[in-house]
Amino acid sequence: MSSIRNILAATTFALSGAMLTTQALAADIVDTAVSAGSFKTLVTAVQAAGLVETLKGAGPYTVFAPSDEAFAKLPAGTVEDLLKPENKDKLVAILTYHVVTGKVMAADVAGKETMAKSVQGSEITVNGKDGVMVDGAKVVQADIAADNGVIHVIDSVIMPKM
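Residues numbered from 1 in each chain as written. Predicted model: local features only at pLDDT ≥ 70, side-chain atom pairs only at ≥ 80, totals over all residues. Heavy atoms only, no water.

### Looking at helix 2 (residues 29–36)
For the record, the criterion: We call a residue buried when its accessible area falls under 20% of the maximum for its residue type, exposed when it is over 50%, and partly exposed in between, using a 1.4 Å probe and counting protein chains only. Secondary structure is summarised from DSSP: a helix means a run of H or I of at least four residues, a strand means a run of E of at least two, and numbering begins at the N terminus for each. In this context, the arc is that of the directions from the helix axis out to the C-beta atoms. The contact rule is simple, with two residues in contact once any of their heavy atoms fall within 4.5 Å.
For helix 2, the complete set of buried residues consists of Ile29, Val30, Thr32 and Ala33. Each buried residue of helix 2 sits inside an arc of 165° when the element is viewed along its axis, so together they form one side. Seen from the buried face of helix 2, the exposed residues on the opposite side, beyond 90 degrees, are Val34 and Ser35. On its buried face, helix 2 is in contact with helix 3 (40–49), helix 4 (52–55), strand 1 (61–66), strand 6 (137–146) and strand 7 (149–154).

Structure (structure tokens):
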């Protein structure tokens, strides 16, 4: 009888742990980016642009997310200038250029060259023939799942034609 109780206790413990793990993994795009720790500049920019609630919305969204290292490649002072309130429209345009409606996984573009319409309105060139490139930026980590979409880490900030 004690072995049955032990099995039931172990099963209950395992199931409760699985439920906690599932809940811990459930996060929207913004929370996923924050918890990753390598998107501090992107998160600051999203906050300054007033896009947090949008990216916490139902989606689904595909975000080509420049890492902090990608932002560091921009000319000195660029990020600081974009974060100024008077440049909010330009910042919104740049950030929404990194977002595509729908959940596009790396496997969806593997072996293909295509165009994707960004939320900003312009087309982004996507080349999946040798890894994945987005407007010349390399996807360095793909398919980071979020509740409301997917994040692909890119090594450069991509810019819409303005």
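### Quick word on the pairing of strand 3 (residues 113–117)
Where we set the bar: Any two strands between which DSSP finds at least two bridges are classified as paired.
As paired elements, strand 3 and strand 4 (residues 123–127) share five bridges and run antiparallel to each other. In the sheet register, glutamate 113 faces strand 4, and the bridge partner there is asparagine 127. Hairpin connection of strand 3 to strand 4: five residues between the antiparallel strands, including glycine 121 at a positive phi of 115°.

### Brief notes about the pairing of strand 6
As paired strands, strand 5 (residues 133–134) and strand 6 are joined by two bridges and run antiparallel to one another. Across the sheet, methionine 133 pairs through a bridge with lysine 138, a residue of strand 6. The loop that links strand 5 with its antiparallel partner strand 6 comprises two residues; one of these, aspartate 135, has a positive phi angle of about 50°. When strand 6 meets strand 7, the two strands line up antiparallel, connected through five bridges. When the sheet's bridge partners are listed, glutamine 141 is paired in strand 7 with valine 153. Adjacent in sequence and paired antiparallel, strand 6 and strand 7 are bridged by two residues.

### With respect to unusual backbone geometry
Here the bond from glycine 59 into proline 60 is cis, since omega is 5°, no more than 30 degrees from zero. Topologically, proline 60 is positioned in the loop between helix 4 and strand 1. In this structure, aspartate 135 takes a positive phi of about 50° despite not being glycine. Look at aspartate 135 and you get partly exposed, because its relative accessible area is 30%. The phi torsion at aspartate 143 lies on the positive side, around 60°, for a residue other than glycine. Owing to a relative accessible area of 31%, aspartate 143 belongs among the partly exposed residues under this scheme.

### Points about the packing of helix 3 against helix 7 (residues 88–97)
The condition is simple: Only the contacting stretch of a helix is used when fitting its axis, a line to C-alpha atoms as for every element, and angles between N-to-C directions run 0 to 180 degrees. In these notes the angle categories are as follows: under 35 degrees is roughly parallel, over 145 is roughly antiparallel, 65 to 115 is roughly perpendicular, and the rest is oblique. Two helices that cross are described as forming a left-handed crossing if the nearer one is turned anticlockwise from the farther one by less than a right angle, and a right-handed crossing if clockwise.
Close contact between helix 3 and helix 7 brings their axes to 9 Å; oriented N to C, the two are set at 125°. In terms of their interaxial angle, helix 3 and helix 7 are classed as oblique. The handedness of the crossing between helix 3 and helix 7 comes out as left-handed. Where helix 3 approaches helix 7, its residues Leu42, Ala45, Val46, Ala48 and Ala49 are matched on the opposing element by Lys88, Leu91, Val92 and Leu95.

### Re the nonpolar core
Nonpolar side chains in soluble globular proteins generally cluster together in the buried interior. Cut-off, in case you're wondering: In this description, a nonpolar core means a group of buried Ala, Val, Leu, Ile, Met, Phe, Trp, Tyr and Cys residues linked to one another through side-chain atoms lying within 4.5 Å.
Core analysis: the biggest nonpolar cluster contains 27 residues, and Phe39, Leu42, Leu55, Val63 and Leu95 have the highest contact counts within it. Put simply, the parts of the chain that give this core at least two residues each are helix 2, helix 3, strand 1, helix 6 (78–82), helix 7, strand 6 and strand 7. At five residues, the largest contribution of residues to this core is made by helix 3. The residues contacting leucine 55, other than those within four sequence positions of it, are Asp28, Ile29, Val30, Val46, Tyr61, Val63, Val99 and Asn148. Judged by nonpolar contacts, the second largest core, of 14 residues, contains Phe64, Ala106, Ile154 and Ile158.

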